[in-house]
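Survey of secondary and tertiary structure
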Amino acid sequence: MDYTHEVPHSQHLVVRAAQPFNAEPIAAALVEFPITPEELIYCRNHGPVLEFDDETFSVRVNTPQGTRTFTAKELQETFPRVEVVAALQCAGNRRKEMDQVKKVQGVLWDDGVICNARWAGIRLRDLLQDVGIDVQALTGWHVQFASHVTPCEDDKHYGGSIPLSRAMNPNDDVLLAYEMNGQPLSPDHGYPLRVVVPGILGARWVKWVDTISVAPDESPNFYQQRDYKVLPEEVDTKEKAGPIWSKVPALTSLPLNSVVASVIRRDIDSMLVKGYAIGCGNVQVAKVEVSIDDGASWRDARITYQEGKWSWTLWEALLEHVPDSGVVYSRATDVQGRVQERSGKWNMRGVAYNPWGRRKW
């Protein structure tokens, strides 16, 4: 692939792969900001990152009624602008930890492949209604997203899909976004237009989206059909995975999770622990607890930030009378009473890993 016209990237990220550019911040920096600054938002790519012009960049919308084309600028000018605060998380968050259990395939992400941002754009629902979509007449259909404007590693282009019912539900807040944190999207994060699907893994938040198709099936793209799936534990090679991919559902919401991001000594026998947690889909986190005795006892952390049903949760705990060294664990409980488990499930692609958070001091 040609990286001659690659845009510059943030200098505040740890680079996990240079081409394509894949990089993340350290978690200790992340949790200092309820709304993640642009320079600390992770970059996940499967090809070159290029810059486009919103006046000429166009989106083709394919439906049973036919095809219509809009420029990104026309979409901004035609449909109401809406905002939503939502966390964006890569399915491979914490993959490095899973790799220490047993080797996995993929970029060895640490625990910084997550952010929380204020997205603004148009409702996908508004656009689909404008082109004549009636969700009641298309039960079980899907909305396929694709970006053909930049080369891709494993397919001719990048693509993904979500159920049409989700796209058309006003409570699910699915957007075609053109702003992040009050500013136009940068090329790294999808300028001039990206999909925002709160509560769903980042693989479906297609950047530089130029084609939207309402279809009876999921996207046939590699990244929908042969990646981002939790394969059975016994499937540990690409050869074993071959006949299994089609039998395993595509990932949608990632599981309840929490991470210990930093441990700061306050004095000789106390320390401040900070971290983040995130619920599954639209089920928010109710509490976070920490333990320094391997889970024998737990202390409540203080939630310092949460905004709406799609945001992450920031938390901290001041622990006193602690030994000179040890391991602090975190676990989250959601509003439905589900509790984060001690162990996560290993899978070949290293996705959806959510054991207790842990950090040594």
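This text goes with the structure placed above it.
First, a word on scope: everything that follows refers to the structure included in this document. (Residues numbered from 1 in each chain as written. Predicted model: local features only at pLDDT ≥ 70, side-chain atom pairs only at ≥ 80, totals over all residues. Heavy atoms only, no water.)

**Focus: the overall build of the protein chain**
- Each helix and strand counted, the protein chain has seven helices and 20 strands in total.
- Relative to its length of 361 residues, the protein chain is compact, with a C-alpha radius of gyration of 21 Å against a globular reference of 21 Å.
- With respect to the three principal axes, the spread of C-alpha positions in the protein chain is 65 × 45 × 45 Å.
- Expressed as a percentage of the 361 residues in the protein chain, the buried residues total 57%.
- Accessible surface computed for the protein chain: about 15,300 Å², of which carbon and sulfur atoms make up 48%.
- Seen as two clouds, the 39 positive and the 47 negative side-chain charges of the protein chain have centres 5 Å apart. (Helix = DSSP H or I, 4+ residues; strand = E, 2+ residues; numbered from the N terminus. Rg over C-alpha atoms; globule rule 2.2 N^0.38 Å. Buried < 20%, exposed > 50% of the residue type's maximum accessible area, 1.4 Å probe, protein only. Areas by Shrake-Rupley, 256 points an atom, 1.4 Å probe, with all protein chains shown as cover. Lys, Arg positive; Asp, Glu negative; His and termini not counted. Charge placed at Lys NZ, Arg CZ, Asp CG, Glu CD.)

**Observations regarding unusual backbone geometry**
- That bond from Gln19 to Pro20 is cis: its omega, -5°, falls within 30 degrees of zero.
- You can see Pro20 is positioned in the loop between β1 (14-17) and β2 (22-24).
- A cis geometry characterises the amide bond from Tyr191 onward to Pro192, with omega recorded as 10°.
- Inspection of the secondary structure puts Pro192 in the loop between β10 (183-184) and β11 (194-196).
- The phi dihedral of Tyr228 is positive, around 55°, even though this residue is not glycine.

**Remarks on the packing of aromatic side chains**
- Per the counting criterion, the structure on display carries nine aromatic pairs.
- Ring geometry for Tyr223 and Tyr228: centres 6.5 Å apart, planes at 40°, overall tilted. Across the pair, exposure class does not vary: Tyr223 and Tyr228 are buried alike.
- Feature note: the residues Tyr158, Phe222, Tyr223 and Tyr228 constitute an aromatic cluster, connected by ring pairs.
- Positioned above the aromatic ring of Tyr329, the side-chain terminus of Arg342 is 5.4 Å from the ring centre. (Phe/Tyr/Trp six-rings, centres within 6.5 Å; stacked < 30°, edge-to-face > 60°. Lys NZ or Arg CZ within 6 Å of the ring centre and 35° of its normal.)

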